[in-house]
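Spelled out from the first residue to the last, the chains are:
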Amino acid sequence: MSSTDNPPMPEIQLEPGALRHLAEAQVNVELDTGDMILNLGPQHPATHGTLRLVVRLDGERVVSADPVIGYMHRGYEKLAEYRTYPQITTLVNRIDWLSSFANEVPFVDAAERLMCVEAPPRAQYIRTVLTELSRISTFYLFLGEMALQVGALTPAFYGFRDREYVLNLIEGATGGRFHPNFNRIGGLKDDLPWGWISETREVMKKMLDGCDEFEDLVAGNEIFQARTRSIGIVPGELGAAYGMSGSNLRASGVDWDLRRDGRPYLVYPELDFKVWTHPDGDSYARYWVRLQETRESCRMVLQLLDQMPSGPITAKVPRIIKVPAGEVWTEVENPLGQMGYYVVSKGATGPFRVKIRSASFSNVSIMPWLLRGVYVPDVITILASLYFILGDIDR
Amino acid sequence: MPDEPTEETAGEEEIAEPELLTDEQAALLAVFEAELGGGVIEHADAFGTLVVRIRPDSWRRSAEIAKTKLHCDYLSFVSGIDWQPMVAPRSNDDGGNDTSAPVQPTEMTFGTAGSAGRFQVFAHVQSTSRHHGVTLKTDVDADMPTAESWTSVYPGADWHERECAEMFGIGFSGHPNLRKLYLPAEFEGHPLRKDFALLAREVKPWPGLVDVEAMPGDDSPAEDGSG
Amino acid sequence: MTHLLALDVGWGTTLAIKTIIILALVPAGALILGYTFLLKMMSHMQSRLGPMDPGGFHGWFQLIGDGIKFIQKEDVMPDGADKRVFAMAPVVILMSTFLIFVVIPAGPRIVVKNLDVGVFYALAVSSLSVIGVLMAGWASSNKFALLGALRAAAQLIAYELPLLLAVVGVVIQAGTMSLQGIVVAQQNGSIFGWSGIGNPYFFTQIIGFALFMVAAQAELTQTPFDMPVAESELVAGYMVEYTGFRFLFFYIGEVGTAFAFAALAATLFLGGWAIPGVHGAVADLLGPIVLFVKLMFVAFLFFWVRFTYPRLREDQLQALAWKVLIPLGLANILITGIFKVAF
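Throughout, residues of each chain are indexed from 1 in the direction in which the sequence is written. Both sets of labels track the order of writing: A upward for chains, 1 upward for ligands. Per-residue local features are limited, in this predicted model, to residues with pLDDT of at least 70; the limit for side-chain atom pairs, both in listing and counting, is 80 or more; totals at the level of whole chains, interfaces and linings are taken over all residues. To get the side-chain values, all heavy atoms of the structure are used, and hydrogens and water are removed first.

Asks: Outline the side chain of Q338 of chain A, supporting the account with residue identities and numerical values.
Replies: Secondary structure elements follow DSSP: runs of H or I no shorter than four residues count as helices, runs of E no shorter than two count as strands, and numbering proceeds from the N terminus. For Q338 of chain A, the position within the fold is in strand β7 (residues 337-345). For every residue, the accessible area (1.4 Å probe, protein chains only) is compared with the maximum for its type, and the residue is labelled buried under 20%, exposed over 50%, or partly exposed between those bounds. Taking the relative accessible area as the measure of exposure, Q338 of chain A reaches 1% and is therefore buried. Whenever two N or O atoms come within 3.5 Å, that pair is a polar contact, provided that in protein one can donate a hydrogen and the other can accept it, and provided that, for residues adjacent in sequence, both atoms are side-chain atoms. In this structure the side chain of Q338 of chain A is engaged in a polar contact, spanning 2.6 Å, whose partner is the side chain of E331 of chain A. In terms of polar contacts, Q338 of chain A uses its side chain to reach the side chain of Q126 of chain B, at 2.6 Å. In what follows, a contact means two residues having at least one pair of non-hydrogen atoms within 4.5 Å. Among all residues touching Q338 of chain A, those that are not within four sequence positions of it are S245, G246, L258, W329, E331, V332, R357, S358 and A359 of chain A together with Y74, S76 and Q126 of chain B.

Below, the structure is given as structure tokens:
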């Protein structure tokens, strides 16, 4: 019987006034509100993909943020060991799906280096043009998307609309809107179609106008500036130590662009372009730098089209590609930052090991540090300004 | 440079004549040698990138040197490699038979700058101001795979080491929080090890291999027919 | 007043007719604004192709299609939801919208109830919606919804004040709190002796008008003050768990309230139904049309801003309310009072 009974209450002798103290303690406990844990994602409009952010909130202030990634891990490093070199370009297309062409370039470059093959000049030029076009299309989406995350709906549609022109160009040249798979080891699949160059010139003018529009509508907007200035400040040295690269790092004042400073690749050494930096390192700086880089890319494309040589588009390569044994590290400046492949070959038709160094992975690894103490809306601003692609994080 | 000496035997034999290094590479190497002394085991040039192999006990020190003495403020990546030959998924006669995978050499060989055993950890650091970079490698014991963590030097090494730990089963001593990064917590095995078979390819050959797949209910004998 | 357009009917019938009209007005207003601004203007501003396509000519079918889609969607209620509160929340929000229309006059006799404290009443019932929002946020048992609801509560309370202060200037100038009285005062007024367009308080109360527009935008939780629903942060705030018909209720409530606030702004600042010199039955006939045109202009301003600006942050919003709008409103009252006494 006693088991069903409640245990007897202990007799407590309370001193006079103790009850009041207890009541006050109770009130104080209630005033000390507990933290709320908010799951941003894996399905959340601001993570554009399946990033999950476990945010511990005190009111609307972030106490700590822990990104959980891997929802889109496709194991490309493992898959690459089961594929031949030409097949892998299809895989790497899907890493950063917004600038697929730019992903192919360093991989093909790695294979070419190992084989001591060099793509003919025209192929190099076309590769450079298409890389820059991918950059423009990626950044255009960012320019609109960032405004959307800050709350303005309209610029996002302008971004999508204008990006379509560039995607049409990429499709016209490669046949694929998103995943061109256009690179071949030693060159390209095809030459440019007739009329493509003049059309590209037209589109680039349109894109430059679009950049002005973004500058007025978004970058110049007071509310946008109030929302982004001095939000999410990344010091340059810390960003670099975290492996942050590309426009994100340049927005922190680090004057480093692999197109200019890295090992020469494609035809960038022959181009005249400016590397934009911004000293602030905040979300606005990242927007501003990308805006300027979009412009610069448009100018670079125009420049490339003027200098485009004629000639063959593929070098002589054997039908079955066997890559000599060796190791090579190739890195390029992708729209999102440094993209690199460490390819280990053992002389077979496929690589022995491919380490894919993707930009977003390192760019977002700073998030736990960066998000501490900001407000929920700023979390979104910072996420948007870092501009990551989930495929590029998870690979 | 196709005549690059890349195949090493399993031992730690010193190469009598090191590869030709550029002046910049030689300068970088000299700093490592001066600071680490015997910590530098070997070095090589891999298509323009200096590869230095560091003794495991000098691994974290090498990062510090790279960061402070060589101005390599930028961490590109930290990753691992398993030099064991791949377990070919073609042992299975019924159904498996993935002939699409490239045939790799069946004996264990090591890459640039050699290796002491099956596992290695390698990393690439760069300088944003001087525009040079160096790939560092260190050997990891196959039975007790652990390396020193770089997180105290480069905070960005955190995620890279977590990835490496789950993919290769290499521990990092001094890492604050070595949980799984991509994989679910209950995942068993280390996918990027060479003895971790890609099951999808074991069960079913790569679909891209077959041009015309037999329709369901089609009685024409398939290549792996039950008879 | 048992006369409705010269028909002599019993008070019960009048009440029924009035109720039906009001009940029809909110969805109708929502439909009109939704079609004109949310679909057509937005599509043009944002180069959208989708809403311009269905049905052939100018995408006329889009809104009907949307409605059908909402109605046939499954009615999902979260497991942890407080079911009754969850179900009631959209009704409460819609109710506050309905109640505003009670006092808005569309002609000398076309008004459901000409309250002496019309302005006061309209602003009071408009803030009832915050209860619905809190109910929705709390009952959804969703953290995003809760955050959204709390933001909404903070925001609506903060902007209730500038809204009131903006209107006080009008009330002082008109000398009455009855909306009908305010309209008549504007109709009979004159600008420096010229009475061609009466005296819309838009000119004398320009600060009040600006304050009212900003505060109304915040009350409507439209961009740049749409933190409670902030799609990119809180997914949809307090509406996040609502689907199908219930979501449609919120939507109608939102756009319908925009319609009501536009009517209110048109009445307070743009002269309402009044045409100077036109009285009696003609004014009853033309009044609604005049009011509608003015209302559409105000609504256009609402939606223009909505599709142009990014969103403020919660603290910036509060700072704007307390540090800028409220002092401005007080200053406006002071100046209006001085002028009222002086002239």
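Having seen the model, we can carry on.
Asks: I'd love a proper account of the interface of chain A and chain C, names of residues and values included.
Replies: The interface is formed by 33 residues belonging to chain A together with 24 residues belonging to chain C. Across the interface of chain A and chain C, roughly 2500 Å² is buried in total on both sides, 60% from carbon and sulfur atoms. The term buried area means the drop in 1.4 Å probe accessible area that two parts suffer when joined, counted for both and summed. For chain A, the biggest contributors to the area lost against chain C are E60, F157 and I223 of chain A; these three give 19% of the whole. Put simply, a salt bridge is a Lys or Arg side-chain nitrogen that is within 4 Å of an Asp or Glu carboxyl oxygen. Counting across the interface, chain A meets chain C through one salt bridge. Here R313 of chain C makes a salt bridge to D378 of chain A, at a shortest N to O gap of 3.1 Å.

Asks: Could you give an account of the environment of L31 of chain C, naming the residues involved and the relevant values?
Replies: All names here are of chain C. Topologically, L31 is positioned in helix α1 (residues 11-45). Using a relative accessible area of 54% as the deciding quantity, one classes L31 as exposed. Sequence separation between L31 and L63 is 32 residues, and the spatial gap between their C-alpha atoms is 8.0 Å.

Asks: An account of the interface of chain A and chain B is needed here, citing residue identities and associated values.
Replies: Facing 55 residues of chain A, the contacting portion of chain B comprises 62 residues. Carbon and sulfur atoms supply 58% of the area that chain A and chain B bury against each other, a total of about 4800 Å² over both sides. Looking only at chain A, the three residues that lose the most surface to chain B are Y82, E327 and K346 of chain A, adding up to 16% of its buried area. Counting across the chain A and chain B interface gives five salt bridges. Counting the contacts that link chain A with chain B gives 25 residue pairs in polar contact (both at pLDDT 80 or more). Per element, the largest residue contribution to the side of chain A that touches chain B is five residues, and it comes from strand β6 (residues 326-334) of chain A. The residue inventory of the side of chain A that touches chain B, partitioned by class, reads 26 nonpolar, twelve polar and 17 charged. Put simply, Ala, Val, Leu, Ile, Met, Phe, Trp, Tyr, Cys and Pro go in the nonpolar bin, Asp, Glu, Lys and Arg in the charged bin, and everything else, Gly too, in the polar bin.

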